[in-house]
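One letter stands for each residue in the lines below.
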Amino acid sequence: MVTVKRIVGAGLILSLLGSFALASSRRIVVHVGTAPLAWADSRVDYEILTELSRQAGLKVVDTDRLGDECPPLPQNGYDPEAWLDWGTEIGGRYLLVVDIEREVLERQKTFSIPIICQRWETVALIEGELKLFDLQKRRVLTSESFEKKLSGARQFQGSTDDNRSDPSLHLTASDKSRLFRNLESELARKLTKRVMQLTRGR
């Protein structure tokens, strides 16, 4: 009976150690740099962290929540060795760095009948760069640019001046905010899918 208890106890300890090792091997450190928005606060960092946290077996570390425990960001953001050292100091298997370079609203003409009318489309756009590092193997898994667009309302302009600044083409503040929230959610899903593709099986 004692021998059986010892075997069961040893098995439980090994199972717990295995679970801990698995959790450690899937720990991802995340840093998101956002671009300012004129009419709202960007929530793209929140959306990315939330989407990553929904992935089974992935432990997400938000560097903004580390406070004084977080080392200063690398002075040279283009130096992969500096990012690898920075992520290793925090601790984890992977380091994800997302830099949002542009988060803007644009108006694009999608249809025109000269002298009669034009159709304009409001488009929300996010551009940036994604870097993913394997800290354990000290390897850059990817460093790539990304772009995500989402179309808002389409408006017809029944005038001859072809003026993209026409007040009738403007979205309300709430419509702008809603458009960007939807865009940020879609971007978070896109980037999370990319991260999971690159880390699966590693």
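Above this text you will find the structure in question.
So, a few notes on the structure that sits alongside this text.

On a plain count of helices and strands, the protein chain comes out with four helices and five strands. For the protein chain, the α and β elements follow one another from N to C terminus as α-β-α-β-α-β-β-β-α. The burial tally for the protein chain puts 39% of its 202 residues in the buried class. Put simply, of all contacts in the protein chain between residues at least 6 apart along the chain, 71% involve residues at least 24 apart. Carbon together with sulfur atoms contributes 52% to the accessible area of the protein chain, which is approximately 11800 Å² in total.

The backbone phi angle of Arg138 is positive, close to 50°, even though this residue is not glycine. In this fold, Arg138 is placed in the loop between β4 (117-134) and β5 (139-157). Judged by relative accessible area, which is 37%, Arg138 ranks as partly exposed.

Here Leu183 lies in helix α4 (residues 173-199). C-alpha of Leu183 to C-alpha of Leu150: the two residues are 33 residues apart in sequence and 5.9 Å apart in space.

Take the environment of Leu105 next. With respect to the helices and strands, the residue Leu105 is situated in strand β3 (residues 94-113). Taking the C-alpha atoms as reference points, Leu105 and Phe180, 75 residues apart in sequence, are found 8.8 Å from one another.

Our next topic: the packing of aromatic side chains. Applying the stated criterion across every chain yields a total of one aromatic pair. The interplanar angle of 85° and the centroid separation of 5.4 Å between the aromatic rings of Trp83 and Trp86 together place this pair among those described as edge-to-face. Here Trp86 and Trp83 lie together in helix α3 (residues 80-90), a separation of three residues that amounts to about one turn. The pair Trp83 / Trp86 is uniform in exposure class, with both members buried.

Criteria and cut-off values
Residues numbered from 1 in each chain as written. Predicted model: local features only at pLDDT ≥ 70, side-chain atom pairs only at ≥ 80, totals over all residues. Heavy atoms only, no water. Helix = DSSP H or I, 4+ residues; strand = E, 2+ residues; numbered from the N terminus. Buried < 20%, exposed > 50% of the residue type's maximum accessible area, 1.4 Å probe, protein only. Contact = heavy atoms within 4.5 Å. Areas by Shrake-Rupley, 256 points an atom, 1.4 Å probe, with all protein chains shown as cover. Phe/Tyr/Trp six-rings, centres within 6.5 Å; stacked < 30°, edge-to-face > 60°.

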